[in-house]
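# Fold and contact review
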Amino acid sequence: MPAVDAVRAVRGAWRCEVPVMVLSSRRDEDSVVNTPQAGADDYMIRPLRSRELVARLHALQRRTASRRQSLDRAIKVGPYALDCLSHQAVFQGRRLPLTPKEFDLASLLFSNVGRVLSHTHIELAIWGYPLPPSSRALASLVSRLRRTLRLCPRNGLVLTVIYAQGYRLDQTGPGLAAPSSQGFG
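### A word on the overall build of the protein
- Looking only at helices and strands, one finds 6 helices and 9 strands in the protein.
- Sequence separation of 24 or more characterises 49% of the internal contacts of the protein that already satisfy a separation of 6 or more.
- Accessible area for the protein stands at about 10700 Å²; split by element, carbon and sulfur atoms hold 54% of it.

Structure, rendered in structure tokens:
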């Protein structure tokens, strides 16, 4: 199986924070470039140098540990809370069932309230690689998340499509300024 396909399979089956290092004998530029773009964290060409392999594994371990530390918390926005350890969403004291990808999207959006997140940024964070332009996977995921979390002005949060840019999660309610179309990030 080509490394790019293997990485996509791993990223599709498991959560994005699973570290992936590819060890390959392929030296061509396409392999070296396309494999990390598909979601690999590192790429090494064989024959391997043992000290370099150990150094890269330690670096990958440090990056993974720092990502996990940032996930070891709850994210609270309005009447919502996301428990990043148990991967559960709570709305007004009631647990809401989310799929792993829905939870990943919710935690990404809840961590960036008021910021426009580009389609590509979201796709890389959720799937580990950019989706084909004709794909409706992201739009479907957003629609399911809106419905499952009941994101609407009455509940204090809205998820807005920003034409040709991406999506933005905004808080609504008394005393909050109306969302602007600025804040791309």
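Continuing now.
### Observations regarding the layout of surface pockets
- Considering only enclosed or pocket space, the second largest pocket measures out at about 150 Å³ in volume.
- In terms of lining residues, the second largest pocket is bounded by His119, Thr120, Glu123, Leu131, Pro132, Pro133, Ser135, Leu138, Ala139 and Tyr167.
- Of all the secondary-structure elements, those providing two or more residues to the lining of the second largest pocket are helix H5 (119–126) and helix H6 (137–149).
- A per-element tally of the lining of the second largest pocket places H5 first, with 3 residues.
- Broken down by class, the residue content of the lining of the second largest pocket amounts to 6 nonpolar, 3 polar and 1 charged.

### Some words on the pattern of salt bridges
- Taken as a whole and assessed by the stated rule, the structure comprises 6 salt bridges.
- A salt bridge links Arg168 to Asp170; the nearest nitrogen and oxygen atoms lie 2.5 Å apart.
- Within the structure, one salt-bridge network assembled from shared partners comprises Asp42, Arg49, Glu52 and Arg56.

What counts, and where the lines are drawn
- Residues numbered from 1 in each chain as written.
- Predicted model: local features only at pLDDT ≥ 70, side-chain atom pairs only at ≥ 80, totals over all residues.
- Heavy atoms only, no water.
- Helix = DSSP H or I, 4+ residues; strand = E, 2+ residues; numbered from the N terminus.
- Contact = heavy atoms within 4.5 Å.
- Areas by Shrake-Rupley, 256 points an atom, 1.4 Å probe, with all protein chains shown as cover.
- 1 Å grid on protein atoms, 1.4 Å probe; cavity = no way out; pocket = protein on both sides within 12 Å on 5 of 7 lines; lining within 4 Å.
- Points joined across faces, edges and corners; volume = space filled by probe spheres on them.
- Nonpolar A, V, L, I, M, F, W, Y, C, P; charged D, E, K, R; others polar.
- Salt bridge = Lys/Arg side-chain N within 4 Å of Asp/Glu carboxyl O.

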